[in-house]
Amino acid sequence: MAMATSTLQLTHLSSPNIATPHEVPFPPLFLLPRCSSLRETKQIQAAIIKSQLQHDISVLTKLINSCTANPSSSMDHAQHLFDRITQPDIVLFNTMARGYARSHYPVRAVDLFARGLNLGLHPDDYTFPSLLKACANAKAIGEGYTRNSRPNEALALFRKLQASNLKPTYVTMLSVLSSCVMLGALELGKWIHEYIRKNGFNEYVKVNTALIDMYAKCGSLDDAVSVFEDMQYRDTQAWSAMVVTYAIHGRGSKAISIFEEMKRAGVQPDEITFLGILYACSHTGLVDEGCKYFRSMVDHYGIVPSIKHYGCMVDLLGRAGRLDEAFRFIEDLPINPTAILWRTLLSACSSHDDVELAKHVMERIFELDDSHGGDYVILSNMFARAGRWEDVNNLRKMMKDRGVVKIPGCSSIEVDNVVHEFFSADGTHSESRGLHRILDDLIKELKLVGYVPDTSLVVHADMREEEKEATLRYHSEKLAIAFGLINTPPGTTIRVVKNLRICGDCHSAAKLISMIFGRPIILRDLQRFHHFKDGKCSCGDYW
Ligand code: ZN
Ligand code: ZN
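Here is what the cut-offs are and how they apply
- Numbers given for residues are sequential positions, taken from 1 along each chain in its written order.
- Throughout, the order in which chains and ligands are written sets their labels, letters from A for the former and numbers from 1 for the latter.
- Per-residue local features of the predicted model are confined to residues with pLDDT of at least 70, and side-chain atom pairs are confined, for both listing and counting, to 80 or more; whole-chain, interface and lining totals are unaffected and use all residues.
- Hydrogens and water molecules were not included; the side-chain quantities draw on all heavy atoms of the structure.
- We call a residue buried when its accessible area falls under 20% of the maximum for its residue type, exposed when it is over 50%, and partly exposed in between, using a 1.4 Å probe and counting protein chains only.
- Numbering goes from the N terminus for both helices and strands, where a helix is a DSSP run of H or I of at least four residues and a strand is a run of E of at least two.
- Here a strand pair is declared whenever DSSP counts at least two bridges between the two strands.
- Sites may look incomplete, because water is not among the atoms used; the donor set itself consists of N, O and S atoms within 2.8 Å of the metal (3.2 Å for Na, K and Ca).
- Scored between 0 and 100, pLDDT is the confidence that the predictor attaches to each residue.
- Whether two residues are in contact is decided by their heavy atoms, any of which lying within 4.5 Å being enough.
- Among buried residues, those of type Ala, Val, Leu, Ile, Met, Phe, Trp, Tyr and Cys that are joined through side-chain atoms within 4.5 Å constitute a nonpolar core.
- Helix span, expected: 1.5 Å multiplied by one less than the number of residues in the helix.
- Arc, as used here, means the arc of the directions from the helix axis to the C-beta atoms.
- Irregular is the label for any site that misses the other tests, which are tetrahedral for four donors with all angles between 85 and 135 degrees, and square planar for four donors or octahedral for six when opposite donors exceed 155 degrees and the remaining angles lie between 65 and 115.

Student: Help me understand the pairing of strand E2 (residues 410-415) in this model?
Tutor: Two faces, one strand: in a regular strand the side chains alternate between the faces of the sheet. Burial of E2 is extensive: five of the six residues sit out of reach of the surface. Here E2 runs beside strand E3 (residues 418-423); their pairing, made up of six bridges, is antiparallel. Each residue of the ladder has a partner; that of serine 411, found in E3, is phenylalanine 422. Sheet topology places E2 next to strand E4 (residues 494-498); three bridges connect them, and they run antiparallel. Its bridge partner being in E4, serine 412 is matched across the sheet by valine 497.

Student: I keep staring at the coordination of the zinc ion (ligand 1) and nothing clicks. Help me out?
Tutor: A metal bound by six donors in octahedral fashion has ideal angles of 90 or 180 degrees, whereas one bound by four tetrahedral donors has an ideal angle of 109.5 degrees. Ligation of the zinc ion (ligand 1) by protein atoms is provided by His475 (ND1), Cys503 (SG) and Cys506 (SG), these donors lying 2.0 to 2.1 Å from the ion. Sequence spacing of the donors to the zinc ion (ligand 1): H-x27-C-x2-C. Of this pair, histidine 475 sits in the loop between helix H23 (465-473) and helix H24 (476-487) while cysteine 503 sits in the loop between E4 and helix H25 (504-516), and the two are 28 residues apart along the sequence. Cysteine 503 matches histidine 475 in its accessibility class, with the two residues each being buried.

Student: Would you mind going over the confidence of the model for the chain with me for this structure?
Tutor: Detailed reading of the predicted model is not advised wherever pLDDT is low. Residues with a pLDDT of 70 or more make up 83% of the chain, whose mean pLDDT is 82. Under a pLDDT of 50 for its full length, residues 1-34 has, in the predicted model, 69 contacts with residues more than four places off or in other chains. Of the regions scoring below 50 in pLDDT, residues 145-151 engages in 25 contacts with residues more than four places distant in sequence or in other chains.

Student: When you look at the nonpolar core in this model, what are you seeing that I'm missing?
Tutor: One recurring pattern in soluble globular proteins: nonpolar side chains tend to sit buried together. Grouped together as the largest cluster of nonpolar side chains are 89 residues, with contacts concentrated most on Leu345 and Val361. Once residues lying within four places of it in the same chain are set aside, the contact partners of valine 361 are Phe327, Trp342, Leu345, Leu346 and Cys349. Phe422, Ile443, Ala510 and Ile513 belong to the second-largest nonpolar core, a separate cluster that totals 30 residues.

Student: What exactly am I supposed to notice about the environment of arginine 108 here?
Tutor: Its place among the elements puts arginine 108 in helix H5 (residues 107-118). The sequence separation of arginine 108 and methionine 96 amounts to 12 residues, and the corresponding C-alpha distance is 9.3 Å. Sequence-distant contacts of arginine 108, that is, excluding residues within four places in its chain, are made with Asp76 and Tyr100.

Student: Is there a simple way to explain helix H13 (residues 252-264) in this structure?
Tutor: Counting along an α-helix, one turn takes 3.6 residues, and residues three or four places apart therefore face a common direction. With 13 residues, H13 extends 19 Å from end C-alpha to end C-alpha; this agrees with the ideal 18 Å at 1.5 Å per step. Every buried residue of H13 is accounted for by Gly252, Ala255, Ile256, Ile258, Phe259 and Met262. Along the axis of H13, the buried positions cluster into a sector of 165°, meaning they face one direction only. Exposed and facing more than 90 degrees away from the buried side of H13 are Ser253 and Arg264. Looking at the packing, one finds that the buried side of H13 touches helix H11 (221-230), helix H12 (236-248), helix H14 (271-283) and helix H15 (287-299). Two residues or fewer past H13, glycine 266 is found with a positive phi of approximately 80°.

Student: Just checking my understanding: could you explain the coordination of the zinc ion (ligand 2) for this structure?
Tutor: Each protein donor to the zinc ion (ligand 2) is listed here as His507 (NE2), His530 (ND1), Cys537 (SG) and Cys539 (SG); together their distances run 2.0 to 2.3 Å. Between the four donor atoms coordinating the zinc ion (ligand 2), the angles at the centre fall across 102 to 115°, so the site counts as tetrahedral. Sequence spacing of the donors to the zinc ion (ligand 2): H-x22-H-x6-C-x1-C. Here cysteine 537 lies in strand E7 (residues 536-537) and histidine 507 lies in helix H25, a separation of 30 residues in the sequence. No difference in accessibility class separates histidine 507 from cysteine 537, as the two residues are buried.

What follows is the structure, encoded as structure tokens:
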């Protein structure tokens, strides 16, 4: 084992009374990766001090690794050890970044890396994956609520990595693009696209396919189409990505025409292509076409339908109001239906106000999973619309007894590389108060052009009409759109992401806002994209 280098200092571990390395047995380093607790780690640390190996970077790396590898151990302790090292090497930085990436504070990995760059650190191939994972996890756990600046940091990070000696490969590009999707960071994605072009990575079919996917999921249909059109060679995945892109953007007939073109080009569709085409049909009301494609998938292509294909079929029939047919379809499946499948039908029952069937469907869902707050909310809203307040109360009580909680609606908007998040009626964002006033005025203007708040969506028997209107007015989607209106240049597109389905009232309001202010609005909800322009939505109100 090499002894300490002069650059390393772990002064807090030093003790005047420790024995020399020759007098004590070598610390059981092989035990380090197996330490199951912080206490064990500290015991090993004491042994290291006794052996005077506290300045040996490889020993310290192992010790820190032991802290970070163990979910029950402490990143604080790892940081404590790390902070004592004046010139940590890239291996140590990677170890810490990996630890933070899977901790509750993933963004600290990025902060740490920025510090490393200031120290003249050169990242290696292991640096990238940890940092990207950290960025993605930071987004996933919703770390920073009102001002999440992760995309900004991810972009800065990539720029710095680019300036370093690290030579990214096309595989690196794939992971960067998938991070952009997870972050929903379109601007970062565009920047990465430019980098890909300059460095010739766009010769790879997989990279182009990932670009299509990134643009599609970050809300830029035009850019996705342009990448696809520029491709010299397209395989099944590339064609499928384009079918899916048109599908999630509500361009059902375009999805079908690209699918037909794919077949003419002699490219074999696979199960993903069919998922895209079925999704497209269900979201544009092309029921007969959807049924035809489903049969052809099984009969002509020999593809065994998965639960997702069945889900698309239930959605297709359900959305079109063929609820009994959808119910029989699930009952007759050759495989056991999942709660998600029944949930799809529950949504359709809600759209078509079939309370009795919804009750049957809910029984089926409860047999499989009774912990999903959204199900109770859907049925409760249906009971409320029908004025069945006793049923509403029973359902609420059931929710409470079972400890089921409702997921709050949250909408986010990226402005100048900063993501701002809004919760319904929430006052946590620094500009909330101003936004509420702006929405009050905005709603008055919308009423002049025919907006009528859909108060039937507010499930409170004892609320007065004005109170119900106020509840709708500060929905998270409206707050995010209002924020976009005042913080982005006139005429530019407002892009909003919502964690649940957009509500009917916000959908009506968004259509009118797009018309009055001449602002296209692209809203991604849990299910699809809505493109609002000149008072209309791309979904044709079929959602
Ligand atoms: Zn709403
Ligand atoms: Zn829509």
